[in-house]
Amino acid sequence: MNSQLLETYRAIKNVIGDSNDPVALHEPNFIDTEAENYVLNCVRTGWVSSAGKWVEEFEKKICEYTNSKYAIAVTNGTVGLRLALHLVGVKPSDEVIIPSLTFVATANSISHLGGTPHFVDIDEKRLSICPENLEKHLKNISKYDKGILYNKFTNNPIKAIMPVHIFGMPADMNGIKKIANIYNLPIVEDASEALGSFIIAKDEKKHCGNLGDVGVLSFNGNKIITTGGGGALITNNKEIADMARYLSTTAKKEHPWEFDHDLIGWNDRMPNINAALGVAQLEVFNERLEKKKKLFELYKKNFESLCDIELISPPKSCESNHWLISFKMLFNDKKNCKKFRSDILELCHSNRIYLRPIWRALHTLPMYKDCPSSSLVITEKEASRIISLPSSPQLYKK
Ligand SMILES: *Cc1c(COP(=O)(O)O)cnc(C)c1O
């Protein structure tokens, strides 16, 4: 076996320890939390469904932590993104600008409204929308007609930009916002992976998801905290918040007994029993973030001496939650990269260490292959050379 492969494997083992138990990419963990008590409280009181004190408490804690005025807890992140896009005005046949190197749900949420993802290239460092490329691309492909921005090649309106904070690394929101302002496009942040990630500007910390018009968090089982399934919209815009609440509860007018609805709403609200799990983890969230940071540093130390393998570090003037700690293969030869990729995945999986390659770029999937896009050179390069490591905070043991 080649020595580079073995050295990388050893570096991983040094971090995760000698036990032969299976190690997943990111696993739920409720040790040292009140989760059992809070869930039991739901069961004993019967308050298990889409209202209750844990939902209120969870939303309040999300607001406090992210410094957002409003938080609306929903059943999952995908649904949250779909709701957020609807609220900023995305309609059937509209285009929404997103990166292609993201989890498929980013694009699906647009399709669920009948819209079309419009892919733009990313920057190497942050792995999210590259502002310079975005600006050039919009200049080339857009036109205005009666004040509405159109893709002049498809004749469909371009209605929003949805940056993604990949692996919890903040996207270049300042750069993206400048261009969004020029074109008067709303920003929906896919902050599904970014609870606990901040952008630091002029001594001020801003939480991811709180820099555009509305942001969406996910609490799926593999995320940094989990409510089983779940998500939340965060925003400082009262109109968006009120409408999110209304539409996610079937657009029912408040009344003690009448069933009166005046819009087509959804049933999107997070159940109380799920929110109880969320509250329990937010209570220990700072400790969890601290462990993630230490785990990242431990990987960093063990990967330092590896040749052509580089641990991905978060960009400057940011705090990352280190959701998925990942590495890049820097081989010049594409073939070497491909071989190392399959060798390390095979070796680790056969030892029940479940590394994962980054997602396949969405513009290569059958349902999204004909979507409009800019050139995606960096996207394709990065898609081929990134692998994520086991990143559960509980892997860090003092
Ligand atoms: C997890 C995730 C989602 C979707 O969240 P779910 O809660 O699983 O529906 C969307 N976008 C990105 C980038 C994600 O990682």
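Check the entry above for the structure.
If you're wondering where the values come from, they're calculated on a predicted model, not measured in any experiment. (Residues numbered from 1 in each chain as written. Predicted model: local features only at pLDDT ≥ 70, side-chain atom pairs only at ≥ 80, totals over all residues. Heavy atoms only, no water.)

**Topic: the overall build of the protein**
Phase 1 of the analysis: On a plain count of helices and strands, the protein comes out with twelve helices and 16 strands.
Phase 2 of the analysis: Taken over C-alpha atoms, the radius of gyration comes to 21 Å for the protein, in line with the 21 Å a tight globule of 398 residues would show.
Phase 3 of the analysis: In terms of overall dimensions, the protein has a C-alpha envelope of 70 × 60 × 45 Å along the principal axes.
Phase 4 of the analysis: Looking at the protein residue by residue over its 398 residues, the buried ones come to 55%.
Phase 5 of the analysis: Residue pairs in contact within the protein that sit at least 24 positions apart in sequence constitute 71% of those at least 6 positions apart. (Helix = DSSP H or I, 4+ residues; strand = E, 2+ residues; numbered from the N terminus. Rg over C-alpha atoms; globule rule 2.2 N^0.38 Å. Buried < 20%, exposed > 50% of the residue type's maximum accessible area, 1.4 Å probe, protein only. Contact = heavy atoms within 4.5 Å.)

**Observations regarding the side chain of Lys 223**
Phase 1 of the analysis: Structurally, Lys 223 can be placed in the loop between β10 (214-218) and β11 (231-235).
Phase 2 of the analysis: No salt bridge is formed by the buried Lys 223; the nearest opposite charge belongs to Glu 193, separated by 5.2 Å.
Phase 3 of the analysis: Leaving out residues up to four positions away in the same chain, Lys 223 has contacts with His 26, Ser 192, Glu 193, Ser 218 and Trp 323. (Lys, Arg positive; Asp, Glu negative; His and termini not counted. Salt bridge = Lys/Arg side-chain N within 4 Å of Asp/Glu carboxyl O.)

**A short note on the nonpolar core**
Phase 1 of the analysis: With 45 residues, the main nonpolar core has Phe 58, Ile 62, Leu 127, Phe 167, Leu 195 and Phe 219 as its most contacted residues.
Phase 2 of the analysis: At the level of secondary structure, the elements contributing two or more residues to this core comprise α2 (35-45), α3 (53-66), β1 (70-74), β11, α9 (272-282) and α10 (285-303).
Phase 3 of the analysis: Here this core gets six residues from one element, more than from any other, and that element is α9.
Phase 4 of the analysis: The residues touching Leu 127, leaving out its near neighbours within four places in the chain, are Ile 122, Ile 166, Phe 167, Met 169, Ile 312, Lys 328, Glu 382 and Ile 386.
Phase 5 of the analysis: By size, the runner-up hydrophobic cluster in this structure holds 33 residues, among which are Val 79, Leu 81, Val 96 and Ile 110. (Core = buried A, V, L, I, M, F, W, Y, C linked by side-chain atoms within 4.5 Å.)

**Re the site of the ligand**
Phase 1 of the analysis: The environment of the ligand is formed by 16 residues, the closest being Gly 77, Thr 78, Glu 193, Ser 218 and Lys 223.
Phase 2 of the analysis: The contact in question runs from an oxygen atom of the ligand to an N or O atom on the side chain of Asn 76, over 3.4 Å.
Phase 3 of the analysis: Asp 190 places a polar side-chain atom, nitrogen or oxygen, 2.8 Å from a nitrogen atom of the ligand.
Phase 4 of the analysis: The fraction of the free accessible surface of the ligand (380 Å²) that becomes covered by protein chains is 94%.
Phase 5 of the analysis: When residues of the shell around the ligand are traced back to their parent elements, those giving at least two are α4 (77-87) and α5 (104-111).
Phase 6 of the analysis: Of the residues contributing to the shell around the ligand, the split by class is four nonpolar, nine polar and three charged. (Near = heavy atom within 4 Å. Polar contact = N/O pair within 3.5 Å; in protein donor to acceptor, adjacent residues only side chain to side chain. Areas by Shrake-Rupley, 256 points an atom, 1.4 Å probe, with all protein chains shown as cover. Nonpolar A, V, L, I, M, F, W, Y, C, P; charged D, E, K, R; others polar.)

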